[in-house]
Protein chains: 2
Amino acid sequence: MTENMERIKADWIAVDWGTSNMRAWAMRSSGTILAEDRSDLGMGKLTPEGFEPALLGVIDAWIDGPTTVVACGMVGSRQGWTEAPYATVPCPALPDGFATAPTKKDGLTVRIIPGIKQDAPADVMRGEETQIAGYLARNPNWDGVICLPGTHTKWVHVSAGEIVSFQTFMTGELFATISTHTVLRHSIPAEGWDEAAFLEGLSDAVARPERIGARLFSLRAEGLVNGMSGDTARARLSGLLIGTELAAAKPYWLGQQIAVIGAGNIARLYVDALATLSAPATQVKADAITIAGLTAAYGRLKG
Amino acid sequence: MTENMERIKADWIAVDWGTSNMRAWAMRSSGTILAEDRSDLGMGKLTPEGFEPALLGVIDAWIDGPTTVVACGMVGSRQGWTEAPYATVPCPALPDGFATAPTKKDGLTVRIIPGIKQDAPADVMRGEETQIAGYLARNPNWDGVICLPGTHTKWVHVSAGEIVSFQTFMTGELFATISTHTVLRHSIPAEGWDEAAFLEGLSDAVARPERIGARLFSLRAEGLVNGMSGDTARARLSGLLIGTELAAAKPYWLGQQIAVIGAGNIARLYVDALATLSAPATQVKADAITIAGLTAAYGRLKG
C-alpha cells in the first residue's frame, strides 16, 4: 500500500456469494459503498472450511476491529458455509432466521440471509430474496410481480411486503446448455444477434409453446437446408426459450405491475418480450438492488 | 486365426456409420449375416482420410476380391467420408443418388445412401431413411407413421412407398444434456426408474406442454423441499420430455397406424406412452430393420 492511499475501514461488509463467484462491498453504516472486490471462489468450488479463508482473501484489508459481514446466496445452502434454512412463503423477503457462520478470526461475524421455499408447487430461491428486499426497500408498499431473469429465472408475486408465491424457469441454463452441449452447438455461435429472429421465435413460442421440442432441431435443419445464419439461430433460440417461459408464466405477468431485475442485456430482452405481449415492465439494475437488499438486511440486524 | 476357424468371405458388407460409432456386417447375397463387428471410430472422430483405414480395420478380414460396401448414416454428411447429398421429400426412403466414396484399396467399392431433407419446415435425416426402407421391405404397401425414437427422435409419414413428411424432436439429447449438464444433475441419477412418475410426467406434459420450462426446475425443488427420490426425478423428466414431444407430434400420431422402431427400452417407453393416448403402436427392433434396409439398398445397386 502506497503512502498516499488511504486505508479503507468498512463499518460492515456486504457479500453476494453465489455458486460460481463471490462479490463483496466495503460499506459505511450510511449505505455508502467504499470499495468493491470479487473472487471466483464460488460456493461450488469450496468445502465448508474453505469459506473463511476465501472471504478474508477479499475483505481482510477492509477490516480493523469487530466487523459484521452480511451475505446472501448459495453460501447459505446445505453445500455452503453453513445452512441458513429456507423460510416458507408467504413470508417477508428478509425473514427471521439469519444463520451465523462458524469463524476463527476474532471479531469477525458472518450472518447469512435465509433462502425461501414454496411447498406446492415445490420451488426454492437463494439470493433473489435479497434483491426483492432491495427493491421493496426502494419502493415501499409496492405490490406486483418481480421477474429476475438469469440462469434460473424467477417470477415472484409480491404483496403487502411479502413474497406470496414464485416460480422458477431454467431458461438461462437451457440456453447455455443447448447451445454448447447439443448438436445445436454447430449452429449457435457464442456471440451474434438478429432482433427480428428473436421476436419471431418469441411470438412463435408464445403462440404454440408445446412445439418447443420440434423447433429446437429446426434451428439445426434450417442451417443445413436453408442456410440460416448463426446470428439468426442464436437469437431465435433465445426467443423460443423466453417465449415458452412467458407462455407458462402468463398467470404471473398478465395484468400485473411488473419489475424486471437483472443485468442489462438479459433484463432488456425480457422487457422487450413483455412489451410485445402488451405487458409493460420496469427495468431495474441488479447490482444496486442487491446492495440495497444487503443494506436492508444489515439494518434489520443492527436495529 | 486358428486352424479350425473358417475364414469369412463376405459377398457384400453392410455398414451403419453414425456420429459416435460404426457397425459392420459381413453378408451373403442371400441376406444371411455371416459376421458382425463394430468400432467406436464414428464420423465425429474422423477426417475424410481416416474413413478408409477405419473401415478396413473392421472389415479387412472379410474381404477376398472385389467387394461392395453399402453404408448409411452420418458417413454421408458434409463432414463425413464423402457427401451423399440429401434427396427432398416426397421421395422413396432409398432415393437415387447413392454416393461413391473415394478408396485406395483395389476392388473396394463403398456406396453411401443419401440422407433425406424437407424444405419447410426444414428438417433432415441420415440413417433413419435406411431403417424406414427396411421396414417397408418387410411390410410392402404399408401406409402410416413411423416413429424412430433416439437422440433425435423422428416422426415420419409414409404413404405409397414414399416418405411424405417428417419432423425431428431433440428429446433424447435434451434428456441426456439436462440430466448431466444442468443443475438437475444433482437430482437425476444415471440409472433408476419409477414407472408411475414417468406416466405422471407424461400426462402432465401432454395436458400442459407449455409448462415444460417450469416443470424442469421443479424436479430440483421437489428434491430439496419434499425429498423426491432420484428414481422418481429421472423417470418424471423422461415423461415430461416425451410428453412434450407427443403433444407437438399429435398431427403425426392421431388416428394413424404407428410403428415404433428403436432399441428395446426407449421404443417400449414410446409404445407405452402412445398407449396412454389411445394410440396403439407396433414395436420393431432397430438392428434387424437396419440390416433389412441396407440389404434392400444392396439389392437396388445390384439389380
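Going by the annotation in an unreviewed UniProt entry, the name recorded for chain A is 2-dehydro-3-deoxygalactonokinase, with Yoonia rhodophyticola given as the source organism.

Rotating chain B by 180° and moving it 0.0 Å along the rotation axis overlays it on chain A with an RMSD of 0.0 Å. Interpreted geometrically, this transformation is the action of a two-fold axis. Considering only C-alpha atoms, the part of chain B nearest the rotation axis is glutamate 210 of chain B, at 2.5 Å. When the interface residues of chain B are mapped onto chain A, 100% of them again fall at the interface, so both copies present the same face.

It is worth spelling out the interface of chain B and chain A at this point. Across the boundary between the two partners, chain B contributes 38 residues, which contact 38 residues of chain A. Summing both partners gives a buried area of about 3,300 Å² for chain B against chain A, and 70% of it is carried by carbon and sulfur. Here chain B is connected to chain A by zero salt bridges. Summed over the shared surface of chain B and chain A, the number is seven residue pairs in polar contact (both at pLDDT 80 or more). Listed by contribution, the elements that provide at least two residues to the side of chain B that touches chain A are strand S9 (116-118), strand S10 (123-125), strand S13 (162-169), helix H3 (171-181), helix H5 (212-226) and helix H6 (230-248) of chain B. Per-element accounting of the side of chain B that touches chain A gives the leading share, 11 residues, to H5 of chain B. Partitioning the side of chain B that touches chain A into residue classes produces 19 nonpolar, 11 polar and eight charged.

All names here are of chain B. Counting through the fold element by element, valine 145 comes out in strand S11 (residues 144-148). It is 36 Å that separates the C-alpha atoms of valine 145 and arginine 220, two residues lying 75 residues apart in sequence. When sequence neighbours within four positions are dropped, the list of residues in contact with valine 145 reads Trp155, Val156, His157, Tyr252, Gln256, Gln257, Ile258 and Ala259.

Okay, the sheet that holds strand S1 (residues 12-17) of chain B next. Residues and elements named next belong to chain B. Taken together, the six strands give an open sheet; going across it, the order is S3-S2-S1-S4-S8-S7, and neighbouring strands pair in mixed fashion. Pairing within the sheet leaves two strands with one partner each, and these edge strands are strand S3 (33-39) and strand S7 (99-100). Note that S1 and strand S4 (residues 67-72) share five bridges and pair parallel. Residue pairing in the sheet places aspartate 16 in a bridge with cysteine 72 of S4.

What follows is about the domain arrangement of chain A. As assigned here, chain A comprises domain 1 (12-116) and domain 2 (169-285). Taking the mean C-alpha position of each, domain 1 of chain A and domain 2 of chain A sit 33 Å from one another.

All names here are of chain A. Counted under the stated rule, the structure contains 22 salt bridges over all chains. Ionic pairing is found between arginine 300 and aspartate 96, a salt bridge with its closest N-O pair at 3.1 Å. With arginine 300 in helix H9 (residues 286-302) and aspartate 96 in the loop between strand S6 (91-92) and strand S7 (99-100), the pair connects residues that are 204 residues apart, well separated along the chain. Via salt bridges that share partners, Glu200, Asp204, Arg215 and Arg236 belong to a single interconnected network.

Calculation notes
- Residues numbered from 1 in each chain as written.
- Chains lettered and ligands numbered in written order.
- Predicted model: local features only at pLDDT ≥ 70, side-chain atom pairs only at ≥ 80, totals over all residues.
- Heavy atoms only, no water.
- Least-squares fit on C-alpha atoms with pLDDT ≥ 70 in both.
- Contact = heavy atoms within 4.5 Å.
- Buried area = accessible area lost by both parts, 1.4 Å probe.
- Salt bridge = Lys/Arg side-chain N within 4 Å of Asp/Glu carboxyl O.
- Polar contact = N/O pair within 3.5 Å; in protein donor to acceptor, adjacent residues only side chain to side chain.
- Helix = DSSP H or I, 4+ residues; strand = E, 2+ residues; numbered from the N terminus.
- Nonpolar A, V, L, I, M, F, W, Y, C, P; charged D, E, K, R; others polar.
- Pairing = 2+ DSSP bridges.
- Domains from an automatic or database assignment.

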